[in-house]
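As a plain string of letters, each chain reads:
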Amino acid sequence: MTVADERTTAPATETEPPVEPSRFSLGHPRSRIAWIRPAAWLPLLVMLAILAALWQWGAEELPYLLPPLPDIGSSLTTQFGYYVDNALVTLGEAVAGLAMGFVAAFVLAVLTSELPLVRRAVMPIAVVLNVTPLVAIAPALVVAFGFGPLPKLVIAGLICFFPILINTAAGLRSVSQQVLQVYQTMDAGRFELLWHVRIPNALPYVFAALRIVFPLSIVGAVVAEMSASGSSGGLGTAISVASSMNQLPVVYASILVLAVMGVLLLLVVTLVERRVLHWHDSAHN
Amino acid sequence: MTGTPALELRSVHRIYGFGSSATNALDEVHLTVPPGRFVSLIGPSGCGKSTLLRLVAGLEQPDHGEVRVHGVPPAKACAAKLIGLVPQSPALLPWLSVLRNVTLPQKINKGAARRRERIAGFAERDAAPSAPDMRELLVKAGLGEAMDKLPAELSGGMRQRAAIVRAFGLRPDVLVMDEPFSALDEFTRESLQDQLLDLWDELKTTVLFVTHSVPEAVRLSDTVVVMAPHPGRIVDIIDVDLPRPRGDRLFGERRFHEYEDLIRDRLRRAWHGEAA
């Protein structure tokens with residue numbers, strides 16, 4: 001389940017280019033084998049058991065704050081279809097919004113790294129957009145775009161936009177001077193340089209951004225749903241409705257489903273990332 | 001057009017900075033190199049040897065004077081892929097195998113062959129070499145086994161060899177090398193010098209080689225250009241008249257040491273002349 005700690009070498013936004021060999025070598029068979037050993041999973045299991053016991057104790061002491069675990073479980077199993085439907089709505093909004101944000105941010109990253117004029121015009125606005133709390137924009141967007149899926153896509157896209165823009169732009173610009181000079185003496189064109197050198201160089205940065213942005217896209221979708229609840233479904237709507245009717249098991253079951261969804265998305269990014277780097281390795285073997 | 005020199009610098013000046021803080025990197029430099037020569041630039045740091053190389057490679061422009069590569073300005077020579085650059089670090093792309101790294105130049109600037117034909121005297125030359133040639137070159141450079149490996153899996157010496165093969169693969173008419181062996185240990189350095197000479201022997205490219213190692217300059221070059229700093233200038237041009245191929249035996253010979261002493265003497269004199 002803990003996907004995140006298997007690959008923690010994702011580059012930070014503005015640091016050195018990630019040229020260390022480990023990033024480009026084949027996966028880590030040792031870390032896979034390690035999961036067979038109890039030492040690897042037992043601590044997590046014990047911790048989960050402790051947390052469950054604490055929860056259960058809390059639910060008995062404060063029944064109006066925490067629902068008992070079996071109630072959450074039975075809500076999940078008896079209304080399984082309800083959760084799946086809403087999860088798919090939220091997932092659809094999150095992924096579609098992410099896709100829109102990704103395309104926009106990637107194109108803009110290419111433009112800003114190639115044209116200083118665009119960089120000077122766009123970057124300050126992007127920074128302001130980034131520090132503006134999107135939760136505050138959400139109600140305004142609902143007013144503007146109605147209760148349909150559009151405001152959800154826009155918010156999920158906006159929340160993903162900035163990390164992708166900054167990371168991709170950093171990756172495109174972080175090509176070493178000597179590499180650039182080698183291709184400059186061949187009179188490489190701007191597009192050739194972009195395609196053969198800059199974009200592949202940016203790929204590790206793009207994946208670092210995707211790891212941040214996939215969970216964020218769900219946050220964006222849920223925030224938008226909560227601002228326009230009672231409309232077209234989704235787990236955010238489900239939480240909103242259930243908490244107004246004091247159905248605590250439904251609230252926490254929905255939160256659990258959201259968490260699982262986030263983990264699954266992260267897993268997808270990790271698998272794709274491995275595939276892409278694997279392609280870098282193996283296309284020539 | 002056999003009379004066209006491979007390289008020609010006429011009263012070249014290059015100044016960095018402005019006013020009182022200006023540095024005269026190159027002052028009134030003249031240099032003519034006939035095709036096929038192996039020329040080393042040697043001198044203490046600050047003598048402008050790297051600047052000269054960057055001017056030839058079209059990475060910088062002179063403030064005064066003219067730089068010509070086969071009779072055309074460096075920018076035009078680059079557009080026709082007449083120039084191959086080997087920088088100080090190998091500058092390989094970490095996501096491509098060695099073979100892909102050295103064949104990438106063929107995919108870039110495909111109009112170069114056409115432009116090359118238009119430059120006088122190159123009509124009869126063949127265009128960019130085909131892929132099998134690159135494999136052959138890699139094998140020749142001792143990288144046959146490493147062809148499909150990633151740069152990160154190679155030693156420093158192998159990486160630098162790959163960078164040299166990449167430059168030779170362009171079939172450049174002028175190969176400019178900026179202290180390409182300076183980061184390598186003594187043994188690797190000597191074996192790479194051997195391999196560089198082998199490749200050069202076969203392809204007969206004009207080479208402009210920046211170094212600050214006197215034995216390296218003598219071993220490799222037809223001509224050693226001695227430079228001095230403040231202002232950066234050429235103080236002497238010494239032709240090294242030693243037989244080729246130059247194997248290990250040469251190191252023990254007196255003629256080799258005489259050239260070494262001569263160049264050291266010129267370097268020292270340039271240094272003291274400046275101090276006086």
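Residues numbered from 1 in each chain as written. Chains lettered and ligands numbered in written order. Predicted model: local features only at pLDDT ≥ 70, side-chain atom pairs only at ≥ 80, totals over all residues.

**Some points on the nonpolar core**
The test is simple: Defined on buried residues, the nonpolar core groups Ala, Val, Leu, Ile, Met, Phe, Trp, Tyr and Cys residues joined through C-beta atoms within 7 Å. Buried residues are those with 20 or more other C-beta atoms within 10 Å of their own C-beta, exposed residues have 12 or fewer, and partly exposed residues lie in between; C-beta atoms are placed from the backbone. Labels follow the DSSP assignment, with helices taken as runs of H or I lasting at least four residues and strands as runs of E lasting at least two, numbered in each case from the N terminus. Contact definition: two residues whose C-beta atoms, as placed from backbone geometry, lie within 7 Å.
Val56, Val174, Val176 and Leu208 of chain B are the most contacted members of the largest nonpolar core, which has 87 residues in total. Looking at this core, the element that brings in the most residues is helix H6 (residues 156-169) of chain B, giving 7 residues. When neighbours within four sequence positions are excluded, Val174 of chain B is seen to be in contact with Ala6, Leu7, Val56, Val69, Leu82, Ile83, Thr206 and Leu208 of chain B. With 50 residues, the next largest nonpolar core counts Leu108, Ala109, Val142 and Phe162 of chain A among its residues.

**A closer look at the sheet that holds strand S3 (residues 38-42) of chain B**
Residue and element names in this part refer to chain B. The test is simple: For two strands to be treated as a pair, DSSP must find no fewer than two bridges joining them. Where helices are involved, their axes are fitted lines through C-alpha atoms of the stretch in contact, as for all axes, and angles between N-to-C directions lie from 0 to 180°.
Pairing within the open sheet is mixed, and its 6 strands lie in the order S5-S6-S7-S3-S8-S9. The sheet is open, and its two edges are formed by strand S5 (83-86) and strand S9 (233-239), each paired on a single side. Taking each pair of neighbouring strands and ignoring which way they run, the sheet shows an average axis angle of 20°. Where strand S6 (residues 174-178) lies against strand S7 (residues 206-211), 5 bridges are found, and the strand directions are parallel. The partner of Met177 across the bridge, within S7, is Phe209. Contacts from H6 reach S5 and S6 within the one sheet, and its direction differs from that of S5 by about 175°.

**Some words on the pairing of S7 of chain B**
All names here are of chain B. Of all 6 residues in S7, 6 are buried, a share of seventy percent or more. The alternating pattern of S7 places Thr206, Leu208 and Val210 and Val207, Phe209 and Thr211 on opposite faces, both of which are buried. Pairing of S3 with S7, which is carried by 5 bridges, proceeds in the parallel orientation. Residue pairing in the sheet places Val39 in a bridge with Leu208 of S7.

**Looking at the sheet that holds strand S4 (residues 64-69) of chain B**
Residues and elements named next belong to chain B. The strand order across the open sheet built from 3 strands is S2-S1-S4, with neighbouring strands paired in antiparallel fashion. This sheet does not close on itself; its edge strands, each paired only once, are strand S2 (23-33) and S4. The sheet shows a mean angle of 20° between the axes of neighbouring strands, direction not considered. Here strand S1 (residues 7-16) pairs with S2 via 7 bridges, running antiparallel. When the sheet's bridge partners are listed, Ile15 is paired in S2 with Asn24.

**Brief notes about helix H6 (residues 134-145) of chain A**
Residues and elements named next belong to chain A. Our working definition: Expected helix span is given by 1.5 Å per residue-to-residue step, counting one fewer step than there are residues. Starting at the helix axis, one direction is taken to each C-beta atom, and the arc is that of these directions.
Given a rise of 1.5 Å per residue, 12 residues ought to cover 16 Å, and the 15 Å separating the end C-alpha atoms of H6 matches this to within 8%. Taken residue by residue, H6 has Ile137, Ala138 and Val142 as its buried positions. All buried residues of H6 project into a common sector of 145° when viewed along the axis, lining one side. Exposed positions of H6 whose direction lies more than 90 degrees from the buried face are Ala136, Ala140, Val143 and Ala144. Check the buried side of H6 and you find it contacts helix H7 (150-173) and helix H9 (190-227). Among the residues trailing H6, Gly146 stands out with phi positive, at a value near 85°.

**Digging into the confidence of the model for chain A**
Residue and element names in this part refer to chain A. Applicable threshold: For every residue, the predictor reports its confidence as pLDDT, a number between 0 and 100.
Of all residues in chain A, 84% attain a pLDDT of 70 or more, and the chain-wide mean is 83. Predicted confidence for residues 1-27 stays below pLDDT 50, and this span has 39 contacts to residues more than four positions away or in other chains. Between residues 281-285, whose pLDDT stays under 50, and residues either more than four places distant or in other chains, the model counts 8 contacts.

**Regarding the interface of chain A and chain B**
Note the cut-off: Three categories are distinguished: nonpolar for Ala, Val, Leu, Ile, Met, Phe, Trp, Tyr, Cys and Pro, charged for Asp, Glu, Lys and Arg, and polar for the others, with Gly belonging to the last.
Facing the 23 residues of chain A at the interface are 26 residues of chain B. Looking at the side of chain A that touches chain B, the elements that each hand over two or more residues are helix H8 (177-184), H9 and helix H11 (248-282) of chain A. In terms of residue count, the dominant contributor to the side of chain A that touches chain B is H8 of chain A (6 residues). Considering only residue class, the side of chain A that touches chain B consists of 10 nonpolar, 10 polar and 3 charged.

**Description of the packing of H9 of chain A against helix H10 (residues 235-244) of chain A**
Residues and elements named next belong to chain A. Using the following cut-off: Any angle from 65 to 115 degrees is called roughly perpendicular, while one under 35 is roughly parallel, one over 145 is roughly antiparallel, and all others are oblique. By convention, the crossing between two helices is left-handed when the near helix turns anticlockwise from the far helix through less than a right angle, and right-handed when the turn is clockwise.
Between H9 and H10, the least distance of the axes is 7 Å, while the angle of their chain directions is 45°. When the axis of H9 is compared with that of H10, the two are oblique. Handedness of the crossing formed by H9 with H10: right-handed. Listed contacts from H10 to Ala221, Val222, Glu225 and Met226 of H9 are Leu235, Gly236, Thr237 and Ser240. Residues that form the contact of H9 with H10 fall into these classes: 4 nonpolar, 3 polar and 1 charged.

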